[in-house]
Amino acid sequence: EMGAVDNSYKWSIEALSEMSSKDAMQFADSFITISTYMFTRLEFKKSASLAVKIVGKLCKRKSRKKSIAFKNGAFMLLAEGDLGTTEQMVSLGERCNVPVSYIDSIRFELLKDYETGKMWDKYEKQINKLSRRKSNWPKLIVPVDTLANVQRNFGNLKKSKALNSKRNKYYSSSKRSKKDIPLEALTLISDREISKLERIQSRILKTRLRYPAKSFQQIMQKKLKWLDQLVAKASSIQKIGSGDGIVKTFKVLIETHNEFANEVKSFVPPGMKKKNIPLFQKDMKKQIYGPLLAQARNYEKDAWMSIE
């Protein structure tokens, strides 16, 4: 109450050392309050140290207060950038039977710091520990993808491929189980699929119409078949649920329909008699480019509705 941080810390540690676990349990709320107060005074190390002491004292007792002290202490250590002591805190939490949900929340925070520091060995070990529980799989989709990219950059293509398979497994399983998947993970998955969508788009737009009539018909049938594949693929991507992915698929659909329509509209069969050209163009407008342009307008409306 006097605001004497040093003495509050000193006598809290002293008192906890003298107390039995039963007495420490009785006064746990007070110790947690003191630890929190030290945090507000920016005394992160003292705050974390006291929290560690509380966890150790309540180690064998089943108590939510132990879990609160664990989480508070671990986050304070992370705020200090003390990864080594945070790792020790995680080990203490495991020994003291702190609920796994609390421990995993700290492991996920450690992942962020390991990524920032490019500590890839530790990063991979944390992923392996977190992946033991299926409940963590949705949140591991992005970290596993990050690790796959790192391994690819190191030239470990076999390991990178295995990690990509694991990422897809985590996504498929989470989707089937209707678990909440982070938006970042949904966008990552949809971006992977959009690259496949763009390959279909490239095939449609780069394959140009040409005459004679037999070649024209064959190419037109191919392009329309690929267009159906494009629409089906876009629909499957939109079902992933990424807002970013939905907008990107509409962009590809609109561009493809417009460019394909304009190609057909401007195509004049070489060698065709002039008197037959208007009839040919009228037929193309009715059967091909008119419906394509109309569909592009519909996709524009759908895109705006999705955005709104």
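Residues numbered from 1 in each chain as written. Predicted model: local features only at pLDDT ≥ 70, side-chain atom pairs only at ≥ 80, totals over all residues. Heavy atoms only, no water.

(A) Focus on the packing of helix α11 (residues 183-206) against helix α13 (residues 243-266). Contact pair α11 / α13: the axes reach a minimum separation of 8 Å and the direction vectors enclose 10°. By the criterion of interaxial angle, the relationship of α11 to α13 is roughly parallel. Mapping the contact onto sequence places Leu 183, Thr 187, Ser 190, Asp 191, Ile 194, Leu 197, Glu 198, Gln 201, Ile 204 and Leu 205 in α11 and Gly 243, Asp 244, Gly 245, Lys 248, Thr 249, Val 252, Glu 255, Thr 256, Glu 259 and Phe 260 in α13. (Axes fitted to C-alpha atoms, helices over the stretch in contact; angles between N-to-C directions. Helix = DSSP H or I, 4+ residues; strand = E, 2+ residues; numbered from the N terminus. Parallel < 35°, antiparallel > 145°, perpendicular 65-115°, else oblique. Contact = heavy atoms within 4.5 Å.)

(B) Spatial organisation of the packing of aromatic side chains. Evaluated as defined, the whole model comprises nine aromatic pairs. Geometrically, the ring pair formed by Phe 39 and Phe 44 is tilted, given 5.0 Å between the ring centres and 55° between the ring planes. Here Phe 39 falls in the partly exposed class, since its relative accessible area comes to 33%. Taking the relative accessible area as the measure of exposure, Phe 44 reaches 19% and is therefore buried. The interplanar angle of 40° and the centroid separation of 6.1 Å between the aromatic rings of Tyr 211 and Phe 267 together place this pair among those described as tilted. Of this pair, Tyr 211 sits in the loop between α11 and α12 (213-238) while Phe 267 is found in the loop between α13 and α14 (277-307), placing the two residues 56 residues apart along the sequence. Connected via pairs of aromatic rings, a cluster forms that spans Tyr 211, Phe 216, Phe 267 and Phe 280. (Phe/Tyr/Trp six-rings, centres within 6.5 Å; stacked < 30°, edge-to-face > 60°. Buried < 20%, exposed > 50% of the residue type's maximum accessible area, 1.4 Å probe, protein only.)

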